[in-house]
Every structure is written in C-alpha cells, then in structure tokens.
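Each chain is listed here by its residues.
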Amino acid sequence: MNDAPTREEMMELVALYALGVLPRDQAALVAAFLAADDDARAEYHALRATADAIAVTAAEPVDSARSARMKERLSARIRADAASPAARRRIGPAAGWLWAAGLTAAASLLLAIISSVQVFTTQGQLAQANRRIGTLQTQVAQAQRTAQFERQERLMIGDLAAPDAKRYDVNDGIVVVRGDRLYLALSKLPPPPKGKVYQAWTLAKGAKAMQPSVTFAPNAEGVAVVALPVDASRLGAVALSVEPDGGSKAPTSKPTFVQPLS
Amino acid sequence: MDRIRARDVSAFEALYDGYHRLVFGIALRMLGDLGAAEDVTQTVFMKIWTAPEAFRGGSFTAWVSRVARNRALDVLRSRSLRPETELPAELPLDGGLDEDVFARIDAERVRDALATLPAEQRALIELGFFGGITHQELARRTETPLGTVKTRVRSGLRKLRDALGEGVSR
C-alpha cells in the first residue's frame, strides 16, 4: 500500500474538489475522507458554497439580437413540447437527459447513414458504411456507460458528503446510508491476499441469512468506495469479508465487520 | 419551479429571462466560443423544462451554475483528446448555498472579495473555476509547483469565504 496522505494533504484535496479541479480518479479518495470526517465535511460545504458564489461573476449582458434568437429557439421547442403531453414521457427520466440528446443525435446520424446506404452501388461502399455504423454504435454504447458512471459518481459524492446521511463507523472506514442508498467508504483497507477479494453482504430486516453483494479490491492507497446495489431502507445489517476471487454464495471467512443498521 | 413542473410556459420564460445571462456567461467563460455557449444555454434550459425534478431545493442560482459548468465540461471533454483522468470530476448537484444566502451575494460583492486575495491565489481560483482543468493542469499552465497550487487554492478559498462573510462560513 502507498503512504496514506496526511490529514492536511487531504484537506487540500477537499478544497480542490470544492473548486471543481480535482481529477476524477482522485474523487473516490476525497469521498471516503469526507464520509468519515465531520470537520472535513463542514469545510467542504463552506468552500463549495464559496466556489459556487464565484459563478455569479460570470453573468454578463447578452447582446439583444443573440438573446432574442436564443429565447425564440427555446420558446419554440418548449411550446411545441407543452402542446404535446406525450413528448415529455418520451424524454424519459431526469437522470437520462444528459446523454439522451447525444444518443438522439447519434441515432439520427445512424439513420442518415443507413438511408444513404440504399444508394450505394458497390460492395466496398456498403462494407465501409457498415464499419462506420459499427463504430458509431460502439461510441453510443461507450457514451451511455460513461454518462451512467458520471451520474452515479455525482450522486455518490453528494450522498457521502451530505449532512443528513446516517454514518456508522466500522473497521477501516465508514458505512453511509442516505435514503435508500448505502455505501461502504473504506480508507485503510489492506490489500486482500492473492486470489482473494473483499465481498459485501447484506441482511434484510427480519431475514436470517446474509445475501451476497458486490466484490471489490481497494486501490493502491487502501481506498475503496462502493455503492451497494440494494434498497438500504429494507436492510437490517451490512457486512464485509474476504472471499475467493469471484465471490462466494455464503461467507467463508470471519467478517471484517458486521454493522447493524438502525 | 412548481409552475414549471406544472408545464407553465410563461413561468419558464420568466426563469429564462432571469438566469440566461448567468448560464451563458459561465459557458462563454469556460468555452470561449459564442456559438458553443449558446448551445450550452439551450441545453441547460431544456433540461430545466424536461426534468424540473432534477432541482431538489436549495439555491437555484447555485444549482443552475453547476449544471452550466458540468455541461460546459462535457463540451470540453468532447473536444479534448486528453485522457478522461486529466479532466476534473463533475460537481454534485445537491447541497450548497440556500437561496436567501445567494440573494445577498451579488456579483460586485464577489468581485470585491476576489480582489482582496493575493494575485497568485486569485488567478489560480478563477482559472480553476472557469478553466475546466485539473490542479495538475493549473500547475503546468501557471508554471507553479503542484504543492504550491494545492496550498494556494485552499488558502485562497478560505480567505474568499471569510471575505464573503456570513452565509458561506457555516
């Protein structure tokens, strides 16, 4: 395991995160720190509020022609949408909006390409078009995965730093519950033995047997922040153990921790 | 926002009139391109119309600013040939300032507060906020050691918090 950053170094990373200049690959380290440190959370919220305030300095007059054109374009779309109740349902849930526009554009492009294929006359042109379609489909799938990951990441850090989250201290870190979401934010986890992984377990309220959940390994600094794919409001406890690579159906080692949830 | 949730077009247009300069300004500062800033503004307001439930309380100004920054960051990502890890994490959209606090923080007051910072701290904070870049990139562009960048950003934000006073000091 690499040397763990000092608390002062972590507080500097918190400030960088609050300003929005921390690379994504360090966000988990800050998330785990924030989840477990009350003072760090207080400073994070104050510095983030301070950084938010900087935005107001960007407001500036928009020239009247541009402003009118922008409003006209937007109003036309809004009024058309408002007149069509089905349109809103087609747009889908809030979480999907970020990439929905991109996917629609990509799909339109695909259709355009497919349409243009009809007028191709040679096998070579058809093969080239097919390759382009394949490339676009791959890019669309990649964009979907990236957008979903980013949404989960934003949600996770918001939850871990939230003042209203419930926190349970455990060995090597903290369990955080906010609403129906549950996270393990572990910051001093030793690497698992070769051929082993960490596995989370959940116990539903009233149940007698633990159910297997995700497997994971910490990063080089011993940090792992894991969102469990489970409705936390239905859980009575969460646990962690070391299991063979690939996970187990029932725990095969003494749990690292078993944490009841209130 | 309740009226927008109820599909009230005039309420939406009033919201647009009140906030488009801020959204456009953030996008323009980050992207340096009038056309791209206009597209970001359209996208942000379409999000508000199609998914008003995404705003879950707190300061609307702070929320819409973060949405604008994140959307501009998306554009920078799409333009960039750099690996993803060299771009900053997106900002969570909940939490932060309350609306009443934000109402007391006008642009002039923030500019005055920024002016109280040492130039080297102010430059890093403004470039970081509007640049859509990481602290490593900040260090490279300003030819400042990485450790110094970290220290100056934290110290500068804390001074700015103190200069802005009540509201962001909690």
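Here's what I pulled together on the structure shown here. (Residues numbered from 1 in each chain as written. Chains lettered and ligands numbered in written order. Predicted model: local features only at pLDDT ≥ 70, side-chain atom pairs only at ≥ 80, totals over all residues.)

**What to know about the nonpolar core**
- Within the largest apolar cluster, 96 residues are counted, with the highest numbers of intra-cluster contacts made by Ala31, Ala32 and Ala185 of chain A together with Ala27 of chain B.
- Among the elements that make up this core, the one with the highest residue count is helix H2 (residues 9-31) of chain B (twelve residues).
- When near neighbours in sequence (up to four residues on either side) are disregarded, Ala31 of chain A contacts Met156, Ile157, Leu160, Ala185 and Val225 of chain A. (Core = buried A, V, L, I, M, F, W, Y, C linked by C-beta atoms within 7 Å. Buried ≥ 20, exposed ≤ 12 C-beta atoms within 10 Å, placed from the backbone. Helix = DSSP H or I, 4+ residues; strand = E, 2+ residues; numbered from the N terminus. Contact = placed C-beta atoms within 7 Å.)

**Comments concerning the interface of chain A and chain B**
- Between chain A and chain B, the residue contacts involve 54 residues of the former and 66 residues of the latter.
- Contributions of two or more residues to the side of chain A that touches chain B are made by helix H1 (7-19), helix H3 (38-54), helix H4 (64-82), helix H5 (85-91), helix H6 (97-117) and helix H7 (123-161) of chain A.
- The biggest single contributor to the side of chain A that touches chain B is H4 of chain A, with eleven residues.
- Here the side of chain A that touches chain B is composed, by residue class, of 32 nonpolar, six polar and 16 charged. (Nonpolar A, V, L, I, M, F, W, Y, C, P; charged D, E, K, R; others polar.)

**Topic: the sheet that holds strand E4 (residues 196-204) of chain A**
Residue and element names in this part refer to chain A.
- One open sheet holds the four strands; their spatial order is E5-E4-E7-E8, and the pairing between them is antiparallel. Sheet topology places strand E5 (211-216) and strand E8 (257-260) at the edges, where each strand pairs with a single neighbour. Taken pair by pair, the neighbouring strands of this sheet meet at an average axis angle of 20°, ignoring direction.
- When E4 meets E5, the two strands line up antiparallel, connected through four bridges. From the neighbouring strand, Gln199 faces E5, where its bridge partner is Thr215. (Pairing = 2+ DSSP bridges. Axes fitted to C-alpha atoms, helices over the stretch in contact; angles between N-to-C directions.)

**A few points about the pairing of strand E7 (residues 235-244) of chain A**
Residues and elements named next belong to chain A.
- In terms of strand pairing, E4 meets E7 through nine bridges, oriented antiparallel. In the strand pairing of E7, Tyr198 is matched with Val242.
- Inspection of the sheet shows E7 paired to E8 by four bridges, in the antiparallel sense. Among the inter-strand pairings, Ala237 is bridged to a residue of E8, identified as Pro260.

**Remarks on the sheet that holds strand E2 (residues 173-178) of chain A**
Residues and elements named next belong to chain A.
- Here four strands make up an open sheet; going across it, the order is E1-E2-E3-E6 and the pairing antiparallel. Edge positions in the open sheet fall to strand E1 (166-170) and strand E6 (224-228), since each of these has one partner strand only. Sheet twist, expressed as the average angle between the axes of neighbouring strands with direction ignored, equals 20°.
- In the sheet, E1 pairs with E2 via five bridges, with the strands oriented antiparallel. What sits directly across from Arg167, in E2, is Val176.

**A few points about the packing of helix H6 (residues 107-115) of chain B against helix H9 (residues 146-164) of chain B**
Residue and element names in this part refer to chain B.
- One can describe the packing of H6 onto H9 by two numbers: an axis separation of 9 Å at closest approach and a directional angle of 130°. As far as their axial angle goes, H9 and H6 are oblique. H9 is crossed by H6, and the crossing has right-handed handedness. The residues of H9 that touch H6, namely those facing Val110, Ala113 and Leu114, are Leu160, Ala163 and Leu164.
- When grouped by side-chain class, the residues that make up the contact of H6 with H9 number six nonpolar, no polar and no charged. (Parallel < 35°, antiparallel > 145°, perpendicular 65-115°, else oblique. Left-handed = near helix turned anticlockwise from the far one by under 90°.)

**Thoughts on the environment of Pro190 of chain A**
- Its location among the elements puts Pro190 of chain A in the loop between strand E3 (181-186) and E4.
- When the 12 C-beta atoms within 10 Å are taken as the criterion, Pro190 of chain A is described as exposed.

**Points about the environment of Gly165 of chain B**
- Here Gly165 of chain B shows up in the segment after H9.
- Considered as a pair, Gly165 of chain B and Ala113 of chain B are 52 residues apart in the sequence and their alpha carbons are 9.6 Å apart.

**Focus on unusual backbone geometry**
- The backbone of Asp172 of chain A shows a phi angle near 70°, a positive value even though the residue is not glycine.
- Inspection of the secondary structure assignment puts Asp172 of chain A in the loop between E1 and E2.
- Backbone geometry at Glu143 of chain B places phi at a positive 50°, although glycine is not the residue there.
- In this fold, Glu143 of chain B is placed in the loop between helix H8 (135-142) and H9.
- Taking the number of C-beta atoms within 10 Å as the measure of exposure, Glu143 of chain B has 6 and is therefore exposed.

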